[in-house]
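# A look at the structure
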Amino acid sequence: MAETHDQSEYELPYACPIKQVDVTVSKTDDPNMPVVTFRMWVLGITSCVILSFVNQFMWYRNNPMLISSISAQIAVVPIGRLMAKTLSKRVFFQGSKWSFTLNPGPFNVKEHVLITIFANAGAGSVYATHILSAVKLYYKRSLPVLPAAIVMLTTQILGFGWAGLFRKFLVEPAEMWWPINLVQVSIFSALHEKEKRAKGGITRTQFFLIVLATAAAYAVLPSYLFALVSSISWVCFLGKKSVLINQLGSGQMGLGIGSIGIDWSAISNYLGSPLASPWFATANIAVGFVIVTYVIVPLSYWNDVYKAKTFPIYSQSLFRGNGAKYHVESITTPQFDFDKDAYAKNGPIYLSTVFAMAYGFGFASLSSTLVHVLIFNGRDIWQQMRGAFGRRKKMDIHAKLMSVYDQVPTWWFHVVLLASMALSIFACEYYKDSLQLPWWGVLFSCAIAFLFTLPVGVIQATTNQQPGLNVITEYIIGYIYPGRPVANMCFKVYGYISMNQALTLTGDFKLGHYMKIPPRSMFMAQLVGAFVSVTVYTATAWWMMSSIPHICDLSELPPNSPWTCRMDTTFYDASVIWGLIGPRRIFGDLGYYTKTNWFFLVGAVGPCLVWLARRTFPNQKWIGSINMPVIFGAIMIMPPASPVNFTSWIIVGFLSGFVMFRYRPRWWERYNYILSGGLDAGTAFMTILVFFSLQYVNNIGLDWWGNNMDDVNCSLAHCPTAKGVVVDGCPVY
């Protein structure tokens, strides 16, 4: 008989201090429940491999939809239960310490959690693949597979070291409660409750399969038969020869007024699933998008701020002062360094209005996040830190239940940390011509990650917000070590991504803490998942770059090609701005966009105004829902995102988070997240099936007006409107 512990065994001193956790997370545990099983290995590694391949495959597409682990979390339940019914229960090597069985009994929630941890490793993209894409596809330089793989692996594994160093502060204390994990806990609880199909109704599993099949069938339209549904820019048809109407109506190259995408990948690709966004967050993003896109951008463009009319209103490209696209190779030496003389001859780099505003509001979002957390959460964070870091740390019921398991020895994390740092330094020194980052750059980036992991982790663990430090890392190395684009990219992934990975792992540890998973089993699943995901991501990226002709090269790709690599283009542009040229020549005293630094001040002032408004009008409850970091950060991802992605996402988010949540709460609670997972899985499955069956070998396509995108239907949206600027296919004013 399994031994089960519950809260009744413990007294009130073990009460959970966080109400949301107290009412959501189970207070019982069965320490004898099988965890590391054959089913877990098979389904966990399979989920990790599939999600890693699918997400890297989708990454290069025009709508780079990322499949979350929720899809795998839901899909493995019927498979796990089928395996529990069909696999042999024979015990191998019975009577020895090596005894095991393929089927230890019913499929249980702890196995399910570890499978989801594997899936998380595949769902979280390996950010360092951007370096591989930027060097090989954009700079068109050689980057051997071995140093690329080492960078990808070490940036993921470094996070284990930081997570291990700070887990006692970010996982064990009850005050560090990681709000996002409560969604996962709720899904696990729902999937493992005993459910009987009501007469005339369907179970969650049946609903998931119906949604998956329907989404897969529909995905044939945007992926092959009728691509126009990804961006229906009907306003352009009112004046196809008018630059103004094209700029206003294009959902992919303009302001997207009236545009909509009836394509799940277009809806969820950049902002994530709108079904998982609470309404207050959706509303803040909508306000930020409308103010910036429909007020600030038009005013800036038509008042010719920063010579805006000389360039398209929306573009990811970098431009010269005459409106022509900047040829970055002309300012790059054969040694892959910055050529100052050539830059002086060609002139400074210019950005489109939307691109410049995205950087400005990115600065504002960073400063506003810090001020917002300080003003609105500072007291709570301080009290929770005192409870977490104090000498007399209180143990809640979950920590008490977890105390029966063997903890992960700290030296395991130290070994992983030192080994990954040593391997990183070796790679950067041995392949210095390819990676450009010296040994001190690796140590400096690690020092930044070490300094920021704990404070940023405290913010994320208590407020669910993570300040974006990628701009800070780019800024620092761009000033200290300018003219070397790969060094800038490597410094960013070692300094920022390793910290981000550490917090992802720490959040997973907290999920395991809530679900009562043995810590050593969690460590094993995370480490193996990291190795598997890096291997699959690297192999997939390398295969796609060598097998898809002209991938990411807009000048060579045929019209309506899906392989435009919007995410990688933005990453490449950032490497040019921050790495090759350096922030001093863009945003500093030698740059043209110096005034964008005022956005840091604007961002800091924004939360203060909200705080004053709340104090002045205490009865206006809606003021409390205003979140300035979210408003400022609304267009940080545009580009690569485009207006049609926002308009469609906001509509679906409103229908789910407001209409269904308010007027059909029981349906929302039962099916909302299941719907999201089914749409993800079905769309991805059919997109990949269409590619391999019709496009990979013979490239069988359909050439008709229904497959024309905005580059055909709104062909003048990319045109400048300044006098005398000559661009192919555009009128000259």
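For the structure itself, look to the data block above.
Residues numbered from 1 in each chain as written. Predicted model: local features only at pLDDT ≥ 70, side-chain atom pairs only at ≥ 80, totals over all residues. Heavy atoms only, no water.

### Structural notes on a nonpolar patch on the surface
On the surface, Tyr 218, Ile 260, Ile 262, Ile 651, Phe 654 and Leu 655 cluster together into a nonpolar patch covering about 480 Å² of accessible area. The element that contributes the greatest number of residues to the nonpolar patch is helix H25 (residues 643-663), accounting for three residues. Note that Phe 654 resides in helix H25. (Patch = residues over 30% accessible without salt bridge, like charges linked within 9 Å, V, L, I, M, F, W, Y side chains within 5 Å. Areas by Shrake-Rupley, 256 points an atom, 1.4 Å probe, with all protein chains shown as cover. Salt bridge = Lys/Arg side-chain N within 4 Å of Asp/Glu carboxyl O. Helix = DSSP H or I, 4+ residues; strand = E, 2+ residues; numbered from the N terminus.)

### Examining the environment of Phe 38
Tracing the backbone through its elements, the reader meets Phe 38 in helix H2 (residues 38-59). A relative accessible area of 35% places Phe 38 in the partly exposed class. Spatially, the C-alpha atom of Phe 38 lies 56 Å from that of Ser 330, the residues being 292 residues apart in sequence. Beyond its immediate stretch of four places on either side in the chain, Phe 38 contacts Met 83, Leu 87 and Leu 102. (Buried < 20%, exposed > 50% of the residue type's maximum accessible area, 1.4 Å probe, protein only. Contact = heavy atoms within 4.5 Å.)

### Digging into the environment of Leu 702
Residue position: Leu 702 is located in the loop between helix H26 (665-695) and helix H27 (710-713). Considered as a pair, Leu 702 and Leu 225 are 477 residues apart in the sequence and their alpha carbons are 7.0 Å apart. If we skip the residues at most four places from it in the chain, Leu 702 touches Tyr 224, Leu 225 and Asn 707.

### What to know about the nonpolar core
Across soluble globular proteins, nonpolar side chains show a tendency to be buried alongside one another. By size, the foremost hydrophobic cluster in this structure holds 171 residues, and its most contacted members are Tyr 60 and Ile 131. It is helix H20 (residues 485-514) that provides the largest number of residues to this core, a total of 16 residues. Setting aside residues up to four positions removed in sequence, Ile 131 forms contacts with Leu 143, Val 151, Val 486, Met 489, Cys 490, Val 493 and Phe 571. Ranked by size, the runner-up nonpolar core spans 19 residues in total, among them Ala 215, Ile 267, Trp 668 and Tyr 671. (Core = buried A, V, L, I, M, F, W, Y, C linked by side-chain atoms within 4.5 Å.)

### A look at the pattern of salt bridges
Counted by the stated rule, this structure contains seven salt bridges. Where Glu 111 meets Arg 39, a salt bridge forms, and the shortest distance between an N and an O atom there is 2.8 Å. Taken together, the residues span a long stretch of sequence, with Glu 111 in helix H4 (residues 109-123) and Arg 39 in helix H2 at a distance of 72 residues. Each member of the pair, Glu 111 together with Arg 39, is buried. Of the charged contacts, one joins Glu 474 and Lys 492 as a salt bridge, the two residues approaching to 2.7 Å between their closest N and O atoms. Taken as a pair, Glu 474 in helix H19 (residues 470-480) and Lys 492 in helix H20 lie far apart in primary sequence, 18 residues in all. The two residues Glu 474 and Lys 492 agree in class, both being buried.

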